[in-house]
Amino acid sequence: MEETLQSNEVINLTTFRGQYSVSPPLSGGDGRGYAVEENGGYDVNGVASRSSAVLSGYDTLDSPPSYDFYANTEVFGRTRKIRPSLFQLHSNPEDDSSPPPLYEETNGNKESPEDEPTEPPPEPTRFGWVQGVMVRCMLNIWGVILYLRLPWITAQAGIGLTWIIILLSSCITGITGLSTSAIATNGKVRGGGTYFLISRSLGPELGGSIGLIFAFANAVAVAMHTVGFAETVQALMEENGSRMVDPINDIRIIGVITVTCLLAISLAGMEWESKAQVMFFMVIMVSFANYIVGTIIPASPQKQARGFFSYRADIFAENFVPNWRGPEGSFFGMFSIFFPSATGILAGANISGDLKDPNVAIPRGTMLAIFWTTVSYLVISATIGSCVLRDASGHINDTIMTGSAAGDCLGTACSYGWNFSECIANKTCSYGLSNYYQTMSMVSGFAPLIAAGIFGATLSSALACLVSAPKVFQCLCKDKLYPVIGFFGKGYGKNDEPYRSYLLTYIIAVCFILIAELNTIAPIISNFFLCSYALINFSCFHASITNSPGWRPSFRFYSKWASLVGAVVSVIIMFLLTWWAALIAIGIVLFLLGYVLYKKPSVNWGSSVQAGSYNMALSYCMGLNHVEDHIKNYRPQCLVLTGPPSLRPALVDFVGTFTKNQSLMMCGNVIIGGPSPEAVDAANSSSHVTWLNKRRIKSFYQGVVADDLRTGAQILLQGAGLGRIRPNILVMGFKRNWNKCPPTSIENYISILHDAFDLQYGVCILRMKEGLDLSHQMQAHINPVFETATEPGLDARNIMDPDSLTALPQPTTIFQTRQEKKTIDVYWLSDDGGLTLLLPYLLKRKKRWGRFELNKFRLGFHEILVLPDINEKPQPEHVKKFEDMLGPYRVHAIQKSRGGDAQTTGDCPWMVSDEEFEKNLAKSFRQIRLNEVLKDYSRDAALIIITMPVGRKGACPSTLYMAWLETLCRDLRPPVLLVRGNQDSVLTFYCQ
């Protein structure tokens, strides 16, 4: 009977959802008993239960989407759950013959309940977007430049160009802030700040280099802000007639003492550092209010003598245009000094690991900090440029006396009754915007509050940089991209504080404090920060342009083209500021980049560089479809039946010698067995690729699972490759133990050769006297890719773990050593299209092979010999040896024919009848004679390359063909390569 739901009926779907999950075994025995827990999830170590009660009806193991399935962190007191595997869902729970694959077994090393901690670890201090990012960024931006250099920059560049400098800096930092926001919202952000963002976006190569540079730049910035503080203290001491040694050394002494105190605050923990930052922020706000009030209050005679006259239109007009002075007197000179004051935008991102929600805090706090600090810079530049003259003597008596002539008076001050002509003419004025760094203190309503503001701005910026540099450096150290520095990555306490990195930052800062010159330190930092900004913007652009599905930032207010412009402008400005410093910064980045590229660290962060590589490879592969093949562009692209590559290193090394950086090499591995999880895992294990990379073999790897060797080889021959990048040569190892193997194994081996010829492949077979397979030396089971063991029935479950194979030491093969004066002997006996000539030419291009000219083909052979006696009859004893070798496979009584006994001969196609033996006798004699020639002429060669004979399919039994190959290269000391092209030309002596 059918039932329908009324509109007012509500179904609770949770009642239909499975309420059970599978836990690890409860007891011993065979280990196949599993408990069912009522917790709505799946234990990370669990496997599928075989209880029919659990899996009956609609109560399946399928689970609805859950956050836990995607998270890689654990919550104290709760076992992390994962979604059920495909094996758990797909396998038959009643089938005892289908155990879970190895990677789904329960973990026997799991901690017992007694070993687990009874209390959760202490929760580290976390900050919101206001205190953690916005306030921190604003304090870092409001640094020493704001109070001590912005009035001076306004005097040099004028109000108009100063605004352009401010807006240009804010434009660069704003674009960088947008890019940072996009990257920070594309997934969960951890500690490491800028380095973490760049490295996880662009990869370890650029991320590692910029991480070192950015950490160093922050350490130098500590010195810059500390020197700014020390300058202010030294100036106050000078005004009060106090001095310790001399101005320069006083700054050094004050700076070292100050940075030591800041270090103590940092080592006390993030809670104390954050409280100090809030206090500094309040002090700066009060100092700003004090400054604005001071510009409104009418100027006293003492302030007028120093050039302050409150708001005046003519002062604004005079100060609006530039008046360059000194060696730094240029637009980019001023820009290089001002720009470090805008570089604090990453102060919040640099402590990303200490934020409650970095994905929200970084975009919101960073962009608001950029906006408010830009407004403050513009306001201060405009107001101080409207109130203070560029030059003033500071002498209260430099007034224009009543009735005296004002014709000789210079400057705007003359209209206000002041005559600063003498100091202007002599360039000895001590006050005014151009001469007095403490102008904001003089303008303010209460000067000590400005001094407090300077202290707050400089100390807060120095403290922020002192915290940022170690945090970034610690993350870099933990990633182990560079040697030695790992010592500084150790963390302490619940916040994982990098005390060792703090001490290193302190030492660097002290070294730069000893310079004691703010205008010298500031340009050094500018290039490093610009380099960081360029890479952040490029990271955002590159991640966007690759169209990777993994690029899904929740922050949408960014443009990939704006990020590209920001990156390009940052690089241009680097060279316009200080070209030699830009070259040094880029040189350091390239050096560190080259080091990481050389070392190839084993990290995989899903970077945009990987996505870009995929896009480029796909684009080029598609582009090849529009290009017709040409003989001049022919390349030997090899499918090498290696089995596990680590078991046949000589075969891998040999093919890699002539394909490296020139053509395709693909190692094929056939796993004999059914399509089980174990077999698929063994065939596709990444450890094989790891082994190839460690051996510096540029090769692909492809494993397949098949019922037998020939079927697997057919799959590889027809399915390997992509578009035009697909194999055209099959390379195999010689089957040394063929006469000890079952005849079916010989039939399969020879059938693979016939399949390759049918599919228009060239074929190469490598034979070495000592053999190719190292499985016996490694005490590993043989995977019958070419050499089959004496016992039949090998399958995937008997295969040694691929990870164990790659961990074993590998011997050096002769193809890795230099061949000195030995030769490559080439026997081009039949025209196969030229492959027999092309391969030795490619080999001799490598330094490890000696000098080897068929001038027509420009191949560079050293000597050509004609063998006139090659067609002579072989020696009788060698013929007798050949017949004895083939004897077990001869059929003397029965002639194989269509009219013969099918029952007797049809099931044994490897048997050789007398008729077949006599029909192929001339060809057999030729192989015997060739072996005699090879022994006479090539016993000292480094390698023998000879044209491989072809046996007719269906007319030449597999054992006879195998006997030819055996006879041809038997008892030869050098390695022998049997080559047969597919009869298509691979060489030409024409230029088109």
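Since this is a predicted model, take the numbers as computed values, not measurements.

Peer 1: Any chance you could explain the overall build of the protein here in plain terms?
Peer 2: If you tally the helices and strands in the protein, you get 32 helices and twelve strands. In the protein, which comprises 992 residues, the share counted as buried stands at 52%.

Peer 1: What exactly am I supposed to notice about a nonpolar patch on the surface here?
Peer 2: A cluster of nonpolar side chains, namely Ile292, Ile296, Tyr311, Leu368, Phe371, Trp372, Val375 and Val379, defines an oily patch on the protein surface of about 690 Å² accessible area. Within the residue set of the nonpolar patch, elements represented by two or more residues are helix 8 (270–296) and helix 12 (358–387). Sort the elements by how many residues they give to the nonpolar patch and helix 12 lands first, with five residues. Structurally, Val379 can be placed in helix 12.

Peer 1: What should I look at first to understand helix 15 (residues 447–479) in this one?
Peer 2: Between its terminal C-alpha atoms helix 15 stretches 49 Å, which fits the 48 Å expected from 33 residues at 1.5 Å a residue. Buried residues dominate helix 15, accounting for 27 of its 33 residues. Lys480 lies just past helix 15 and shows a positive phi near 55°.

Peer 1: Whenever I open this one, the state of the cysteines confuses me. Can you help?
Peer 2: Chemically, a disulfide is nothing more than a covalent bond linking the sulfur atoms of two cysteines. Scanning the model with the defined rule gives one disulfide in all. With its sulfur 1.9 Å from that of its partner, Cys423 forms a disulfide with Cys429. In this structure the cystine formed by Cys423 and Cys429 twists about its S-S bond by roughly 80°; its chirality is therefore right-handed. The same class applies to Cys423 and to Cys429, which are both buried.

Peer 1: I keep staring at the pairing of strand 4 (residues 665–672) and nothing clicks. Help me out?
Peer 2: Both faces of the sheet carry side chains from a regular strand, because those side chains alternate between them. Of all eight residues in strand 4, eight are buried, a share of seventy percent or more. What you see with strand 4 is no split at all: Met665, Cys667, Asn669 and Ile671 on one side and Met666, Gly668, Val670 and Ile672 on the other are buried throughout. Alignment of strand 3 (residues 638–641) against strand 4, held across four bridges, turns out to be parallel. When the bridges of strand 4 are listed, Leu639 appears paired with Met666. Of the pairings in the sheet, the one linking strand 4 to strand 5 (residues 700–706) comprises seven bridges and is parallel in character.

Peer 1: How should the pattern of salt bridges be read in this particular structure?
Peer 2: Close approach of charged atoms allows side chains of opposite charge to pair. Tallied over the full model, the rule gives 14 salt bridges. Where Glu231 meets Arg149, a salt bridge forms, and the shortest distance between an N and an O atom there is 3.4 Å. Taken together, the residues span a long stretch of sequence, with Glu231 in helix 6 (residues 204–239) and Arg149 in the loop between helix 3 (144–148) and helix 4 (150–184) at a distance of 82 residues. A residue is classified by how much of its surface remains accessible, and Glu231, at 12% relative accessible area, is buried. A relative accessible area of 1% means that Arg149 is categorised as buried. Three or more residues joined by partner-sharing salt bridges are found here, namely Glu872, Arg929 and Glu932.

Peer 1: Explain the packing of helix 15 against helix 16 (residues 499–513) to me, please; I cannot follow it from the model alone.
Peer 2: How two helices pack is summed up by the angle between their axes together with the distance between the axes. Orientation of helix 15 relative to helix 16, taken along the N-to-C sense of each, is 125°, at an axis distance of 9 Å. Comparing the axis directions of helix 15 and helix 16 gives the class oblique. Seen from above, helix 15 lies across helix 16 with right-handed handedness. In this structure, helix 15 contributes Leu466, Val467, Ala469, Pro470, Lys471, Phe473 and Gln474 to the contact, and helix 16 contributes Ser501, Tyr502, Leu504 and Thr505. Each residue belonging to the contact of helix 15 with helix 16 can be placed in one class, and the counts come to seven nonpolar, three polar and one charged.

Peer 1: How do you make sense of the packing of aromatic side chains when you look at a structure like this?
Peer 2: A ring pair, where both rings are aromatic, is described by two values, the distance of the centres and the angle of the planes. For the coordinates displayed, the defined rule picks out 30 aromatic pairs. Their ring planes at 75° and their centres at 5.2 Å tell us that Phe338 and Tyr377 sit as a pair that is edge-to-face. Of the two residues, Phe338 is situated in helix 11 (residues 331–338) and Tyr377 in helix 12; the sequence distance between them amounts to 39 residues. Take Phe338: its relative accessible area is 1%, and that puts it in the buried class. Feature note: the residues Phe214, Phe335, Phe339, Phe529 and Tyr533 constitute an aromatic cluster, connected by ring pairs. Against the face of Tyr437 rests Arg149, its NZ or CZ located 3.7 Å from the ring centre. The ring of Phe487 has Arg500 sitting right over it, with the charged end atom 4.1 Å from the ring centre.

Peer 1: Whenever I open this one, the packing of helix 6 against helix 16 confuses me. Can you help?
Peer 2: Two elements in contact, helix 6 and helix 16, have axes whose closest approach is 8 Å; the angle formed by their N-to-C orientations is 50°. In terms of their interaxial angle, helix 6 and helix 16 are classed as oblique. Every pair of crossing elements has a handedness; the one defined by helix 6 and helix 16 is right-handed. Where helix 6 abuts helix 16, its residues Phe216, Ala219, Val220, Val222, Ala223, Thr226 and Val227 lie against Thr505, Ile508, Ala509, Phe512 and Ile513. Residue composition of the contact of helix 6 with helix 16, by class: ten nonpolar, two polar and no charged.

Peer 1: In this structure, what is going on with the pairing of strand 12 (residues 976–980)? I would like to understand it.
Peer 2: Burial runs high along strand 12: five of the five residues are buried. Both faces of strand 12 are covered, namely the face carrying Val976, Leu978 and Arg980 and the face carrying Leu977 and Val979. Two strands pair when backbone bridges link them, and strand 7 (residues 762–767) and strand 12 are joined in this way by five bridges, in the antiparallel orientation. When the sheet's bridge partners are listed, Arg767 is paired in strand 12 with Val976. Judged from the four bridges that link them, strand 11 (residues 943–947) and strand 12 form a sheet pairing that is parallel. Note on strand 12: the bridge partner recorded for Ile944 is Val976.

Peer 1: How should the environment of Ser460 be read in this particular structure?
Peer 2: Relative to the helices and strands, Ser460 resides in helix 15. Given a relative accessible area of 0%, Ser460 falls into the buried group. Sequence spacing of Ser460 and Trp142 is 318 residues, and the spatial spacing of their C-alpha atoms is 8.7 Å. Residues contacting Ser460, with those up to four places away along its chain left out, are Leu139, Gln277, Phe280, Ile284 and Phe455. Among the polar contacts made by the side chain of Ser460, one reaches the main-chain carbonyl oxygen of Ala457 at a distance of 3.0 Å.

Peer 1: When you look at the side chain of Asp479 in this model, what are you seeing that I'm missing?
Peer 2: Structurally, the position occupied by Asp479 is in helix 15. Here the side chain of Asp479 touches Tyr195 through a polar contact of 2.5 Å, side chain to side chain. Asp479 has contacts with Tyr195, Arg200 and Trp605, leaving out every residue within four places of it along the chain.

Peer 1: Teacher, can you tell me more about helix 25 (residues 743–758) here?
Peer 2: Helical geometry: 3.6 residues make up each α-helical turn, so side chains three or four residues apart lie on a common side. With 16 residues, helix 25 ought to run about 22 Å at 1.5 Å a step, and its terminal C-alpha atoms sit 22 Å apart, in line with that. Ser745, Ile746, Tyr749, Ile750, Ser751, Ile752, Leu753, His754, Asp755, Ala756 and Phe757 are the residues of helix 25 that are buried. Where helix 25 is buried, its residues contact strand 3, helix 24 (709–719), strand 6 (729–733), strand 7, helix 32 (958–968) and strand 12. Two residues or fewer after helix 25 comes Gln760, characterised by a positive phi angle close to 65°.

Thresholds, definitions, all that
Residues numbered from 1 in each chain as written. Predicted model: local features only at pLDDT ≥ 70, side-chain atom pairs only at ≥ 80, totals over all residues. Heavy atoms only, no water. Helix = DSSP H or I, 4+ residues; strand = E, 2+ residues; numbered from the N terminus. Buried < 20%, exposed > 50% of the residue type's maximum accessible area, 1.4 Å probe, protein only. Patch = residues over 30% accessible without salt bridge, like charges linked within 9 Å, V, L, I, M, F, W, Y side chains within 5 Å. Areas by Shrake-Rupley, 256 points an atom, 1.4 Å probe, with all protein chains shown as cover. Salt bridge = Lys/Arg side-chain N within 4 Å of Asp/Glu carboxyl O. Expected span 1.5 Å × (residues − 1). Disulfide = S-S within 2.5 Å. Pairing = 2+ DSSP bridges. Axes fitted to C-alpha atoms, helices over the stretch in contact; angles between N-to-C directions. Parallel < 35°, antiparallel > 145°, perpendicular 65-115°, else oblique. Left-handed = near helix turned anticlockwise from the far one by under 90°. Contact = heavy atoms within 4.5 Å. Nonpolar A, V, L, I, M, F, W, Y, C, P; charged D, E, K, R; others polar. Phe/Tyr/Trp six-rings, centres within 6.5 Å; stacked < 30°, edge-to-face > 60°. Lys NZ or Arg CZ within 6 Å of the ring centre and 35° of its normal. Polar contact = N/O pair within 3.5 Å; in protein donor to acceptor, adjacent residues only side chain to side chain.

Functional significance is not addressed by these values, which are geometric in nature.
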